[in-house]
Protein chains: 2
Amino acid sequence: MSKLYVVGLGPGGAEYMTEEARAALARADVLVGYTVYLDLVRDMFPDKEIFTTPMRQEIERCRRALEMASGGKTVAMLSSGDAGVYGMAGLILEMSGEFPEVEIEVVAGVTAALSGAAALGAPLMHDFCVISLSDLLTPWETIKRRLRCAAEGDFAVCIYNPCSKKRRDHLRRACDILLDVKSPDTVSGWVRNIGREGQEMKILTLGELRDEELDMFTTVFVGSSKTRRIGDRMVTPRGYENKEQN
Amino acid sequence: MSKLYVVGLGPGGAEYMTEEARAALARADVLVGYTVYLDLVRDMFPDKEIFTTPMRQEIERCRRALEMASGGKTVAMLSSGDAGVYGMAGLILEMSGEFPEVEIEVVAGVTAALSGAAALGAPLMHDFCVISLSDLLTPWETIKRRLRCAAEGDFAVCIYNPCSKKRRDHLRRACDILLDVKSPDTVSGWVRNIGREGQEMKILTLGELRDEELDMFTTVFVGSSKTRRIGDRMVTPRGYENKEQN
């Protein structure tokens, strides 16, 4: 049977990859993905066939990966983070009906919500939402509604794609929606270039976050009402301390 | 400097661990955790000192881990999944003020939301919430509010701790709250024993999920209004197909 692995590499270099992901790449004849992801693993597998397409040609890239698998090659399609979170797993499965002979296996990886949280401390210890501010594929009205519901539910919120060249003010607009419900003192944070050279991070208030200038390589965290700053870490308690007292 | 790693092992065996997690365990003098997690890694590191405490004694376990690190040992505290998602990272950081000499590093892992999603297909491809139904540490009113907000925001929802011996009807009550807003035909799924022997899963509707008898080793997924069943997979589209058409 033809096989296509859809593999999440984790946030940065090879050290954030699971052994399952490494094994899937090792079994593959062809590695498919953006150049930047392939560069992360090329040194590990110098003899593999490589197929890259430019950014934004997702449908074409998925079709080629499925065609190569259908033709008898074992294919590994690479995403950074987790292929199942704003990655390629969904599109591959949506197109899989045309390629019933290809067996598809999704290999989970550490998405930026988790790796960024670990860098900041433990902001997602309790219930949380993950929301992308990219309106390329989602109406802005839907994004606004989700931000409002996340705030009303007092979730910790992890924000992907806080801005881009075309959407400079999305983070500010998102913060304003959250600020309709949440205190401007809500503990927040961001991490840039997670797991890569030049990783940097900052803990600040939601009111301050509103005026930050961030780029598309940054993941943002906004706490729940319970989230605290402890030293240089951002922590959402799970409640054990309260339990002991009660 | 004394060092304490708080390490997420991923869902099951060693293959789901990142290289970063493996390296942290290798550097540790002592491994701390529940017996069941230690069993997963004992074979990899047969010579390590081991410290276990029973379930529920989280504060005592964290204090001992910090004390051992303070005493000069390099300590790795193990969680399944990700230590930063309903794990031990938050509690360790909350208690860290008493041990300023201990440097704490959180090592992210693949939490059940991601590993379970990969097993089912790609249910968390777009914006999602993670909610625990455990009311040991959280008032049920808070959990209800979050479920309602998650439904109103049309998020995909991943549910941890769907039931326990004491809370047999929590999943049914949670589904009823979601059903106030969401269609009973909403595509849903569950995965049991993720990444372990006896892994099983099922895709079903939200109406059917309401009547399932699940245990605490199960992670539940309820789709957004866009989530579809494609063959034997649960997929939340990200929207590329629409984009191409527009």
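Here, the structure is the one placed above.
Residues numbered from 1 in each chain as written. Chains lettered and ligands numbered in written order. Predicted model: local features only at pLDDT ≥ 70, side-chain atom pairs only at ≥ 80, totals over all residues. Heavy atoms only, no water.

### What about the overall build of chain A?
Along the backbone of chain A there are nine helices and 13 strands. For chain A, the C-alpha radius of gyration of 20 Å lies close to 18 Å, the compact-globule estimate for 246 residues. Projected onto its principal axes, the C-alpha coordinates of chain A cover approximately 60 × 40 × 35 Å. The proportion of buried residues among the 246 residues of chain A is 62%. Across chain A, the fraction of contacts at a sequence separation of at least 24, relative to all contacts at a separation of at least 6, is 70%. Roughly 9700 Å² of accessible area belongs to chain A as shown, and the carbon and sulfur atoms make up 45% of that amount. Across chain A, the 31 positively charged side chains and the 36 negatively charged ones have centroids separated by 3 Å. (Helix = DSSP H or I, 4+ residues; strand = E, 2+ residues; numbered from the N terminus. Rg over C-alpha atoms; globule rule 2.2 N^0.38 Å. Buried < 20%, exposed > 50% of the residue type's maximum accessible area, 1.4 Å probe, protein only. Contact = heavy atoms within 4.5 Å. Areas by Shrake-Rupley, 256 points an atom, 1.4 Å probe, with all protein chains shown as cover. Lys, Arg positive; Asp, Glu negative; His and termini not counted. Charge placed at Lys NZ, Arg CZ, Asp CG, Glu CD.)

### Notes on the interface of chain A and chain B
Buried accessible area, meaning the area lost when the parts come together, often serves as the stated size of an interface. In this assembly, 65 residues from chain A lie in contact with 66 residues from chain B. At the boundary of chain A with chain B, total buried surface from both sides reaches about 6100 Å², with 59% on carbon and sulfur atoms. Linking chain A with chain B are four salt bridges. Taking the shortest distance from any N to any O, the salt bridge between Arg228(A) and Glu94(B) comes out at 3.3 Å. Linking chain A to chain B there are 34 residue pairs in polar contact (both at pLDDT 80 or more). Of the residues that constitute the side of chain A that touches chain B, the class distribution is 32 nonpolar, 15 polar and 18 charged. One ladder, built from three bridges, connects strand β7 (residues 128–132) of chain A with strand β7 (residues 128–132) of chain B; its direction is antiparallel. Bridging from a neighbouring strand, Val130(A) pairs with Phe128(B) of β7(B). (Buried area = accessible area lost by both parts, 1.4 Å probe. Salt bridge = Lys/Arg side-chain N within 4 Å of Asp/Glu carboxyl O. Polar contact = N/O pair within 3.5 Å; in protein donor to acceptor, adjacent residues only side chain to side chain. Nonpolar A, V, L, I, M, F, W, Y, C, P; charged D, E, K, R; others polar. Pairing = 2+ DSSP bridges.)

### Side note on the pattern of salt bridges
Applying the stated criterion across every chain yields a total of 36 salt bridges over all chains. Here Lys144(A) makes a salt bridge to Glu141(A), at a shortest N to O gap of 3.3 Å. One end of the pair is Lys144(A) and the other is Glu141(A), both in helix α6 (residues 140–152) and three residues apart, which spans about a single turn. Judged by its relative accessible area of 52%, Glu141(A) is exposed. Glu98(B) is paired through a salt bridge with Arg63(B); the nearest N and O atoms lie 2.9 Å apart. Of this pair, Glu98(B) sits in the loop between α4 (89–95) and β5 (102–107) while Arg63(B) sits in helix α3 (residues 58–70), and the two are 35 residues apart along the sequence. On the accessibility criterion, Arg63(B) (27% relative accessible area) is partly exposed. Each of the salt bridges in this network shares a partner with another, and the network as a whole consists of Arg172(A), Asp176(A), Arg210(A) and Asp211(A).

### Examining the packing of α6(A) against helix α7 (residues 170–179) of chain A
Residues and elements named next belong to chain A. In contact at an axis separation of 8 Å, α6 and α7 are set at 40 degrees when each is read in the N-to-C sense. Here α6 lies oblique to α7, going by the angle between them. In this structure, α6 crosses over α7, and the sense of that crossing is right-handed. Of the residues in α7, those in contact with Trp 140, Lys 144, Leu 147, Arg 148 and Ala 151 of α6 are His 170, Arg 173, Ala 174, Ile 177 and Leu 178. Grouping the amino acids of the contact of α6 with α7 by side-chain chemistry returns six nonpolar, one polar and three charged. (Axes fitted to C-alpha atoms, helices over the stretch in contact; angles between N-to-C directions. Parallel < 35°, antiparallel > 145°, perpendicular 65-115°, else oblique. Left-handed = near helix turned anticlockwise from the far one by under 90°.)

### Focus: the sheet that holds strand β1 (residues 2–8) of chain A
Residues and elements named next belong to chain A. Reading across from one edge, β3-β2-β4-β1-β5 is the order of the five strands in this open sheet, with parallel pairing throughout. The open sheet has two free edges, formed respectively by β3 (49–52) and β5 (102–107), since each of these has just one partner strand. Within the sheet, the average angular offset between the axes of one strand and its neighbour, ignoring direction, is 20 degrees.

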